Amino acid sequence: MSETTSVIDVCIAGTGSYVPERILTNAELAARVDTSDEWIVTRTGIRERRIAADGEFTSHMASKAAKRALEQAGLAPEDIELIIVATITPDTPTPATACYVQQQLGAVRAVAFDISAACSGFLYAMKISKRLISDGAFTNALIIGAEKLSTVTNWEDRSTCVLFGDGAGAAVLRRSEPGEGSIVATEMGTDGSLTGLLSIPGGGSACPITGSNINEHLHTLNMQGKEVFKVAVNRMREAAEKVIARAGWKPEDIACIIPHQANLRIIDAIADRLAVPNDRVFVNLDKYGNTSAAAVAIALDEANRTGAFKRGDHIVLVVFGAGLTWAAAAVRW
Ligand code: UT7
């Protein structure tokens, strides 16, 4: 599913992020399961990740990231008309985490709901809100990717527990004025035949959690990593190529690629296939691991705040996750 032009241009007016204080290092994990810092760094690029405190929920992290994005955008919570939270670790199955965020921010005018598209959720939210703004339904939106993956991680499974972390990233989208940036092209896709490659099997209507299946870890993330890896590289490359072509850009026009932060080898493979040099690809998974929907949002904020691109630059965001789902966006900053 794609789009190129809209009647009203939409820009990213501000970004923000938040990660919990607690750092969990590879060495600490190696003391718990049969792994090593060397294996984790070589196979994934991850050195440490953040773990939320017991009383710190997905909505709390989301609201902290959102406040920073609002501040940068120069908007007050009451100005916000739409809040979309992308998450697979909502505070509660219902109501939506976006409703808690609305309350915590005091964004009293905002319509608020969640979407579930795993690691692709932030860019799904970007496309949905861009369309709703360009169609005139709203003048602005707060989109957030937030996860407390530590609550759905099997801490006894070395093949997954080394990968994930907690955190949140946010962006404020609004109608752009002449001369401002624009979300130029977006792409998203899904292959539901591959649901089994990456899932949390329990906790829904198909497999409600019971005392016995908790012991089988059915409420935690389950992944066939090798298979996911191959599809991720191909789909992310294709999605990025599509938005770059629709934007009319060439690889040398791109100031920064901001990919989903799951595995450095996947990121390197995509940069290679897109012919974009590694120094123009933003990476922070060494510090945070894979934070699912939050990953690309945190990376966007860090890239923005550290000057990885400037006004007028061309940037490409590209993501991949459970579903399987994928998405990309070409943004003129
Ligand atoms: O965010 C959503 C999208 N997710 C992704 O994109 C993740 C995609 N997949 C990956 O990033 C990689 O497949 C992993 C990092 C998950 C795994 O890397 P891999 O190179 O595909 O390793 P593997 O699963 O093929 O395992 C290789 C070996 C196995 O041992 P044997 O069978 O060769 O003896 C595993 O048992 O590494 C072993 N292994 C470990 N060893 C030490 C698996 N996990 C660990 C570990 N420490 N943590």
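Because the structure is predicted, anything quoted here is derived from the model rather than measured.

## Considerations on the layout of surface pockets
The calculated volume of the second largest pocket comes to roughly 180 Å³. What lines the second largest pocket is simply C11, I12, A13, G14, Q72, R174, E180, G181, N304, R311, R332 and W333. For the lining of the second largest pocket, the leading source of residues is strand β2 (residues 10–18), giving four residues. Residues belonging to the lining of the second largest pocket are distributed by class as follows: four nonpolar, four polar and four charged. Each of domain 1 (10–180) and domain 2 (183–332) gives at least three residues to the lining of the second largest pocket.

## Overview of helix α4 (residues 97–105)
Those residues of α4 lying buried are T97, A98, V101 and L105. Taken around the axis of α4, the buried residues stretch over an arc of 95 degrees, which confines them to a single face. Where α4 is buried, its residues meet α3 (58–73), β5 (82–86), β6 (111–115) and β7 (140–148). Immediately beyond the C-terminal end of α4, within one or two residues, lies G106, with a positive phi of roughly 75 degrees.

## Section: the pattern of salt bridges
Per the stated rule, a full pass over the model turns up 12 salt bridges. A salt bridge links D135 to R131; the nearest nitrogen and oxygen atoms lie 3.5 Å apart. The exposure class assigned to D135 is exposed, which follows from its relative accessible area of 54%. Between K242 and E187 there is a salt bridge, with its nearest N and O atoms 3.7 Å apart. Placement of K242 in helix α8 (residues 225–247) and of E187 in strand β9 (residues 182–190) is noted, with a sequence separation of 55 residues between them. Residue E187 is classed as buried on the basis of its relative accessible area, which comes to 6%. One salt-bridge network, in which partners are shared between bridges, spans E187, K242 and R246.

## Some points on the packing of α8 against helix α9 (residues 264–274)
Look at α8 against α9: their axes get within 10 Å of each other, and the N-to-C directions meet at 40 degrees. In terms of their interaxial angle, α8 and α9 are classed as oblique. Seen along the crossing, α8 lies across α9 with a hand that is right-handed. When α8 is examined against α9, the residues F229, A232, V233, M236, R237, A240 and E241 are found in contact with a partner set consisting of R265, I266, A269, I270, R273 and L274. Across the contact of α8 with α9, the residue classes break down as nine nonpolar, no polar and four charged.

## Focus on the domain arrangement of the chain
Domain annotation of the chain identifies domain 1 (10–180) and domain 2 (183–332). Each of domain 1 and domain 2 was reduced to a C-alpha centroid, and the two centroids are 14 Å apart. Residue-level contacts link 50 residues of domain 1 with 47 residues of domain 2. By the criterion of area lost to domain 2, the three top residues of domain 1 are C119, L123 and Y124, representing 17% of everything that side buries. Here domain 1 is connected to domain 2 by zero salt bridges. Where domain 1 meets domain 2, there are 30 residue pairs in polar contact (both at pLDDT 80 or more). Listing elements by their share of the side of domain 1 that touches domain 2, those giving two or more residues are β2, α2 (37–44), β4 (48–51), α3, α5 (121–134), β7 and β8 (166–175). In the side of domain 1 that touches domain 2, the residues fall into 21 nonpolar, 17 polar and 12 charged.

## Notes on the site of the ligand
Within the structure, the ligand sits among 23 residues, and T35, R43, K226, N263 and N290 are positioned closest to it. Between the ligand and the protein, one listed contact pairs an oxygen atom with a side-chain N or O atom of R43 at 2.7 Å. Residue K226 places a side-chain N or O atom 2.8 Å away from an oxygen atom belonging to the ligand. Relative to its free-state accessible area of 950 Å², the ligand is covered by the protein chains to the extent of 73%. Looking at the shell around the ligand, the element that brings in the most residues is α8, giving four residues. Its residues placed into classes, the shell around the ligand shows 11 nonpolar, seven polar and five charged.

## Structural notes on the pairing of strand β14 (residues 325–332)
Burial within β14 is extensive, with seven of its eight residues counted as buried. Strand direction decides the pairing type here: β9 and β14, joined by eight bridges, are antiparallel. Residue pairing for β14: A185 is matched across the bridge by A330. The pairing of strand β13 (residues 314–321) with β14 spans eight bridges and is antiparallel. Bridged to F320 within β14 is W326. Between the end of β13 and the start of β14, which pair antiparallel, lie three residues, with G323 showing a positive phi angle near 145 degrees.

Rules behind the numbers
- Residues numbered from 1 in each chain as written.
- Predicted model: local features only at pLDDT ≥ 70, side-chain atom pairs only at ≥ 80, totals over all residues.
- Heavy atoms only, no water.
- 1 Å grid on protein atoms, 1.4 Å probe; cavity = no way out; pocket = protein on both sides within 12 Å on 5 of 7 lines; lining within 4 Å.
- Points joined across faces, edges and corners; volume = space filled by probe spheres on them.
- Helix = DSSP H or I, 4+ residues; strand = E, 2+ residues; numbered from the N terminus.
- Nonpolar A, V, L, I, M, F, W, Y, C, P; charged D, E, K, R; others polar.
- Domains from an automatic or database assignment.
- Buried < 20%, exposed > 50% of the residue type's maximum accessible area, 1.4 Å probe, protein only.
- Arc of directions from axis to C-beta.
- Contact = heavy atoms within 4.5 Å.
- Salt bridge = Lys/Arg side-chain N within 4 Å of Asp/Glu carboxyl O.
- Axes fitted to C-alpha atoms, helices over the stretch in contact; angles between N-to-C directions.
- Parallel < 35°, antiparallel > 145°, perpendicular 65-115°, else oblique.
- Left-handed = near helix turned anticlockwise from the far one by under 90°.
- Buried area = accessible area lost by both parts, 1.4 Å probe.
- Polar contact = N/O pair within 3.5 Å; in protein donor to acceptor, adjacent residues only side chain to side chain.
- Near = heavy atom within 4 Å.
- Areas by Shrake-Rupley, 256 points an atom, 1.4 Å probe, with all protein chains shown as cover.
- Pairing = 2+ DSSP bridges.

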